[in-house]
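# Architecture at a glance
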Amino acid sequence: MAIAAEAAPIHLERGVGVHEWLNWSPVGKDGSYNWPPYRSEQEWLAGHRPLTDWPDGDEFTRIRSMGFDFVRLSVDPGPLLASEGAKRQQALDILAAAVERVTSAGLKVVFDLHGVTQVPAYGMEMIYGGADSEGVARYREMVVAVATMLVKIGTDKVALEPYNEPAYYPCDSSGSDDWQRIMAGTVHDIRAVSSELTIVATGACGGSIAGLVNLTPSFDDPNLYYSFHMYEPHSFTHQRPDEANTFASGLPWPADSSTPEVVTEMLKARMEAAGLSTVEQVMNMATAREAITRYFEQNWGQSQLEASFRQAVDWARGHGIPSRRLFMGEFGVILMSADGRMGAFDADRLRYLSAVRQQAERFAIPWSVWEFSNPYGMTLIQPDGPAVPDSEMLQALGLP
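Parameters at a glance
- Residues numbered from 1 in each chain as written.
- Predicted model: local features only at pLDDT ≥ 70, side-chain atom pairs only at ≥ 80, totals over all residues.
- Heavy atoms only, no water.
- Core = buried A, V, L, I, M, F, W, Y, C linked by side-chain atoms within 4.5 Å.
- Buried < 20%, exposed > 50% of the residue type's maximum accessible area, 1.4 Å probe, protein only.
- Helix = DSSP H or I, 4+ residues; strand = E, 2+ residues; numbered from the N terminus.
- Contact = heavy atoms within 4.5 Å.
- Disulfide = S-S within 2.5 Å.
- Expected span 1.5 Å × (residues − 1).
- Arc of directions from axis to C-beta.
- pLDDT = per-residue confidence, 0-100.
- Pairing = 2+ DSSP bridges.
- Phe/Tyr/Trp six-rings, centres within 6.5 Å; stacked < 30°, edge-to-face > 60°.
- Lys NZ or Arg CZ within 6 Å of the ring centre and 35° of its normal.
- Right-handed = clockwise from strand over helix to strand, strands pointing away.
- Axes fitted to C-alpha atoms, helices over the stretch in contact; angles between N-to-C directions.
- Parallel < 35°, antiparallel > 145°, perpendicular 65-115°, else oblique.
- Left-handed = near helix turned anticlockwise from the far one by under 90°.
- Salt bridge = Lys/Arg side-chain N within 4 Å of Asp/Glu carboxyl O.

## Things to note about the nonpolar core
Of all hydrophobic cores here, the largest spans 107 residues; its most connected members are F68 and F111. The element that contributes the greatest number of residues to this core is helix α5 (residues 134–153), accounting for 10 residues. Leaving out residues up to four positions away in the same chain, F111 has contacts with L73, V75, L95, V99, V146, M149, L150, A159, L160 and E161. Among the nonpolar cores identified, the runner-up in size contains 8 residues, and I10, L12, V200 and F327 belong to it.

## Considering the state of the cysteines
Under the definition given, this model contains 1 disulfide. C171 shares a disulfide with C205; S-S distance 1.6 Å. Looking along the S-S bond of the C171-C205 disulfide, the torsion reads about 55 degrees, which is the right-handed sense. With C171 in the loop between β4 (158–161) and α6 (173–193) and C205 in the loop between β5 (198–202) and α7 (209–212), the pair connects residues that are 34 residues apart, well separated along the chain. With a relative accessible area of 36%, C171 lands in the partly exposed category.

## Some details on helix α4 (residues 85–103)
In this model, α4 (19 residues) spans 27 Å end to end at C-alpha, consistent with the 27 Å of a helix rising 1.5 Å per residue. Of the residues making up α4, those classed as buried are R88, A91, L92, L95, A96, A98, V99, V102 and T103. Across the axial projection of α4, the buried residues extend over an arc of 160 degrees, all falling on one side.

## Re the confidence of the model for the protein chain
Parts of the model with low pLDDT should not have their predicted coordinates read in detail. Across the protein chain, pLDDT averages 91, with 94% of residues at or above 70. Note that residues 1–5 has pLDDT below 50 and, in this model, 0 contacts with residues that lie over four places away or in other chains. Segment residues 48–54 is flagged for pLDDT under 50; beyond a separation of four residues in sequence, or across chains, it makes 29 contacts in the model.

## Observations regarding the pairing of strand β3 (residues 108–113)
Of all 6 residues in β3, 5 are buried; the element is thus mostly enclosed. Bridging between strand β2 (residues 70–75) and β3 involves 6 bridges; their strand directions are parallel. Looking at β3, one finds that F70 is bridged to K108. By the bridge criterion, 4 bridges tie β3 to β4 in an arrangement that is parallel. Each bridged residue has a counterpart across the sheet, and for D112 the counterpart in β4 is E161.

## Details of the packing of aromatic side chains
For the structure shown, the criterion picks out 17 aromatic pairs. Ring plane angle 80 degrees and centroid distance 4.8 Å describe the contact between Y163 and W179, whose orientation is recorded as edge-to-face. Linking Y163 in the loop between β4 and α6 with W179 in helix α6, this pair joins segments that are 16 residues apart in sequence. Here the two residues Y163 and W179 agree in accessibility, since each one is buried. When the centroid spacing of 5.8 Å and the interplanar angle of 85 degrees are considered together, the rings of Y295 and F296 count as edge-to-face. With relative accessibility at 14%, the residue F296 sits in the buried group. Through successive ring pairs, a cluster of aromatic residues spans Y128, Y139, Y163, Y168 and W179. Sitting above the plane of the W35 ring, K87 keeps its charged end 4.5 Å from the centroid.

## Observations regarding the environment of D242
When you line up the elements, D242 lands in the loop between α8 (234–237) and β7 (248–249). The spacing of D242 and S354 is 112 residues in sequence and 28 Å in space, taken between C-alpha atoms.

## Notes on the pairing of β5
Across the 5 residues of β5, 5 count as buried, placing the element largely inside the fold. The alternating pattern of β5 places T198, V200 and T202 and I199 and A201 on opposite faces, both of which are buried. Looking at chain direction, β4 and β5 are connected through 2 bridges and run parallel. Bridge assignment links A159 to a residue of β5, and that residue is T198. This β-α-β element, β4 to α6 to β5, shows right-handed connectivity. Direction of pairing for β5 relative to strand β6 (residues 224–230): parallel, over a ladder of 4 bridges. Along β6, the bridge assignment pairs T202 with S227.

## Some words on the packing of α4 against α5
Between α4 and α5, the least distance of the axes is 10 Å, while the angle of their chain directions is 45 degrees. For the element pair α4 / α5, the angle class is oblique. Pair α4 / α5 crosses with right-handed handedness. Side by side, α4 and α5 meet where R88, L92, L95, A96, V99 and E100 of the first sit next to E141, M142, A145, V146, M149, L150 and I153 of the second.

## A look at the environment of G17
Within the secondary structure, G17 is located in strand β1 (residues 14–22). Counting along the chain gives 355 residues from G17 to F372, while the straight-line C-alpha distance between them is 5.7 Å.

## Considering the pattern of salt bridges
Inspection of the entire model under this criterion finds 19 salt bridges. One salt bridge connects D112 with R72, and the closest N-O pair in it is separated by 3.5 Å. Of this pair, D112 sits in strand β3 while R72 is found in strand β2, placing the two residues 40 residues apart along the sequence. Here D112 and R72 have matching classes, each one buried.

Here is the structure:
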């Protein structure tokens, strides 16, 4: 007699986020979505820097050849929330074709409902009124429609991540009680559609480890992953100035590989080379020196990174969940810009990416790096020149 296979989520190992394709739709002068929504793959390739000089060939086949086995496909739920009936079905059909476009290249898809505020009425603020709000009810109804669409594509090819980085704060039970109910209710809704569709659940607190460990997985089943994003410490991964003519760059990884004095002097040199006036330099350093001091006092490095992962793994094991059902849905570092105003030196960025990736793999946690291509410094594709992959970044990710 044949023995039925144990239920399990779709197998994921190494992924990359594709964000700029389906996370944007044309908006009319009246502030509403043009129809049909979402841009075509051709528009994505042609209209978004650094995707303006693509080599010939199939990009998703190329992603597969790099060693990735899945794409975390970010999709703005706004057009779905703004429509119903035939119009919503048209949007779902566009998205289904996009998913099948990716899976035809041999990649699995994590379908990431990744809210933006392109049309504010349908941004993620609509779910922040509490578990019993009308906004949450409307959003959950939309998730059911998406789940129904994905099941038709095939539960062996796709997973559904219904929420990205939910902004329920603070990062303790006082900020997560509503989120607990929302996440549990959404899982219940999806399971009414399919018991086999893989779901990626997440904690509150911006989808961080702190939010994950405040989640009670009372809704757990074998077809669930539990997501967290790894941008710790944020002061290193997101070195980004708040205003023009300011600099926030050059912190090292790990912290003990340099000194505050060296970082300060190098920052001054970059400001001088950029032509900042003496007054601008003094004002910038007043802010930068505080951030530099704090970073070195915290002495971020391998031990803190291990402790962060241990929090997630201990939470999972405490609830009887194997670490392979955790999911590191995002990690990345802003690369230093050409003018030196923001980001990390490439060598520090690569050391961090390698260290984070190795920690995930130590516990058999699947991961998705952020992201395939964007103009903001977190990109697998070289930000300048021909659209080719960053070979050193691929090596840091353990890929050929």
